[in-house]
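# A look at the structure
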Amino acid sequence: MKGLVIKSTGSWYDVKGDDGTIVKCRVRGKFKIKGIRVTNPVAVGDIVHFEVIRDGTGIIHKIEPRTNYLIRRSTRKTAYGHILAANIDQAVLIATVTFPRTSLGFIDRYLVAAESFRIPQLLVFNKSDMWNDDKEILAYVGELKEIYTNIGVDFMTMSAKTGDNLDLFRDKLKKKISLIAGHSGVGKSTILNKLSPHINQKVAEVSTFANKGTHTTTFAEMFELEKDTYVIDTPGIKELGLIDIYDEEISHFFPEMRAFLGKCKFNNCTHIHEPGCAVIEAVKNGEISITRYESYLSMVAGFDSHR
Ligand SMILES: Nc1nc2c(ncn2[C@@H]2O[C@H](COP(=O)(O)OP(=O)(O)O)[C@@H](O)[C@H]2O)c(=O)[nH]1
Ligand SMILES: [Mg+2]
Ligand SMILES: [Zn+2]
């Protein structure tokens, strides 16, 4: 039998067969991608082949080749990768300015991971009700909108609480499989619950004291919002250790840098300190945003302890 993995809970996977029935499956054998060891060999979004055994559960014995996947370094076993989801059409990042704050470094890492597979990206600032009359924050969000739309990232603000821009968000999900990622506490589950009453994900009370969400969504899970429209809710990601991307490749996953890459004086330029670097020049004259460039530096080995 063939099916779509819609949920992963540790060693068990919910697989939806062509006829719509859901079978609890385990995995037989070892699966590796590009030689990387992973904590979850099968991910939500995978198309798998499985056989049903006597007790009614299934055994997955084959994974169809993935068109793409988002992977991060495992937080528990750092030599391992953890696949967030596979075969997605759109990588959505839910961010917040406060409660909790999403750093630009985190946002850019996520965008780079998606860009490495040319997965279209949508950046959503949620909880706009908390700052829609704060001029300073509005100006800041306006700047971010300019930076990100300029590099081809779709950008929007919304409030799951008041419903502001919820319909716009719903439109952007239509006829796609979207991965919904973000720190814990940014409102992912709240948004999905608003989009569809049958989703019913647990929502955490943000502890105002720690200004941090507690983890309520433990495993990734895919939901069908309407025909051909799927969303994948993921557990909150604390940090995004990139995996299987080489330093030399990173600049290619910054779309605004691509035009300058052939123009540096040295053809092995790292764009960190070299004279005659076209990227550094572009940062100086404002063609590349300084915050994006800082994110680039933080991702290149030697500049960051997380890699
Ligand atoms: N003010 C405000 N709070 C929100 C909004 N969306 C979610 N929250 C709150 O943020 C907290 C975390 O939400 P949750 O959906 O569990 O976040 P998740 O960890 O990303 O799934 C909850 O207390 C929600 O009520 C919003 O648009 N505005
Ligand atoms: Mg959640
Ligand atoms: Zn350079």
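Residues numbered from 1 in each chain as written. Chains lettered and ligands numbered in written order. Predicted model: local features only at pLDDT ≥ 70, side-chain atom pairs only at ≥ 80, totals over all residues. Heavy atoms only, no water.

The subject of this paragraph is the overall build of the protein chain. Summing up its helical and strand segments, the protein chain has eight helices and 13 strands in all. The C-alpha extent of the protein chain, read off along each of the three principal axes, is 70 × 45 × 35 Å. Residue pairs in contact within the protein chain that sit at least 24 positions apart in sequence constitute 63% of those at least 6 positions apart. Accessible surface, the protein chain as shown: approximately 15200 Å² in total, 51% of it carbon and sulfur. Between the averaged position of the 41 positive side-chain charges in the protein chain and that of its 37 negative side-chain charges there is a distance of 6 Å. (Helix = DSSP H or I, 4+ residues; strand = E, 2+ residues; numbered from the N terminus. Contact = heavy atoms within 4.5 Å. Areas by Shrake-Rupley, 256 points an atom, 1.4 Å probe, with all protein chains shown as cover. Lys, Arg positive; Asp, Glu negative; His and termini not counted. Charge placed at Lys NZ, Arg CZ, Asp CG, Glu CD.)

To continue, consider the coordination of the zinc ion (ligand 3). Metal coordination angles in their ideal form are 109.5 degrees for the four-donor tetrahedron and 90 or 180 degrees for the six-donor octahedron. Around the zinc ion (ligand 3), the donor atoms from the protein are Cys-264 (SG), Cys-269 (SG), His-271 (ND1) and Cys-277 (SG), and they sit 2.1 to 2.4 Å away. Its four donor atoms give the zinc ion (ligand 3) angles of 101 to 114° at the centre, a pattern that matches the tetrahedral case. Going along the chain, you hit the donors of the zinc ion (ligand 3) in the pattern C-x4-C-x1-H-x5-C. Considered together, Cys-269 and His-271 belong to a single accessibility category, that of buried residues. (Donors = N, O, S within 2.8 Å, 3.2 Å for Na, K, Ca; no water. Tetrahedral: all angles 85-135°; square planar, octahedral: opposite > 155°, others 65-115°. Buried < 20%, exposed > 50% of the residue type's maximum accessible area, 1.4 Å probe, protein only.)

A few words now on empty space enclosed by the protein. Under the definition given, this model contains two cavities of 30 Å³ or more. What lines the largest cavity is Tyr-69, Leu-70, Ile-71, Ala-113, Ser-116, Phe-117, Leu-242, Ile-243, Asp-244 and Ile-245. No other element matches the three residues that strand β6 (residues 69-73) contributes to the lining of the largest cavity. A breakdown of the residues in the lining of the largest cavity according to their chemical character gives eight nonpolar, one polar and one charged. Empty space within the second largest cavity amounts to approximately 30 Å³. Contributing to the lining of the second largest cavity are Leu-111, Val-112, Glu-115, Gln-121, Ile-151, Val-153, Phe-253, Pro-255 and Arg-292. Partitioned by chemical class, the residues of the lining of the second largest cavity number six nonpolar, one polar and two charged. (1 Å grid on protein atoms, 1.4 Å probe; cavity = no way out; pocket = protein on both sides within 12 Å on 5 of 7 lines; lining within 4 Å. Points joined across faces, edges and corners; volume = space filled by probe spheres on them. Nonpolar A, V, L, I, M, F, W, Y, C, P; charged D, E, K, R; others polar.)

Turning our attention to the domain arrangement of the protein chain. Splitting the protein chain by domain gives domain 1 (2-65), domain 2 (71-233) and domain 3 (247-299). If you average the C-alpha positions of domain 1 and of domain 3, the two centres end up 41 Å apart. (Domains from an automatic or database assignment.)

The two faces of a sheet get side chains in turn, since along a regular strand they alternate between them. The buried fraction of β6 amounts to four of the five residues, a majority that puts the element mostly inside the structure. When β6 meets strand β7 (residues 81-86), the two strands line up antiparallel, connected through five bridges. Counted as the bridge partner of Ile-71 is Ile-83 from β7. (Pairing = 2+ DSSP bridges.)

For the rest of this paragraph, the subject is the nonpolar core. In this structure, Leu-70, Ile-107, Tyr-110, Leu-123, Phe-125, Tyr-148 and Tyr-293 are the most contacted members of the largest nonpolar core, which totals 61 residues. Here this core gets eight residues from one element, more than from any other, and that element is helix α1 (residues 104-115). Setting aside residues no more than four positions away along its own chain, Leu-123 makes contact with Leu-93, Ala-95, Ile-107, Tyr-148, Val-153, Asp-154, Phe-155 and Met-156. In this structure, Ile-94, Leu-122, Ile-180 and Leu-225 belong to the second largest nonpolar core, which totals 19 residues. (Core = buried A, V, L, I, M, F, W, Y, C linked by side-chain atoms within 4.5 Å.)

What follows covers the site of ligand 1. The environment of ligand 1 is formed by 19 residues, the closest being Asp-129, Gly-185, Lys-188, Thr-190 and Ala-204. Between ligand 1 and Ser-159, the relevant distance is 3.4 Å, taken from an oxygen atom to a side-chain nitrogen or oxygen of the residue. Val-186 is positioned such that a nitrogen or oxygen atom in its backbone is 3.4 Å from an oxygen atom of ligand 1. Here ligand 1 has 580 Å² of accessible area as a free molecule, and 88% of this is covered by the chains. Residue classes in the shell around ligand 1 are distributed as six nonpolar, eight polar and five charged. (Near = heavy atom within 4 Å. Polar contact = N/O pair within 3.5 Å; in protein donor to acceptor, adjacent residues only side chain to side chain.)

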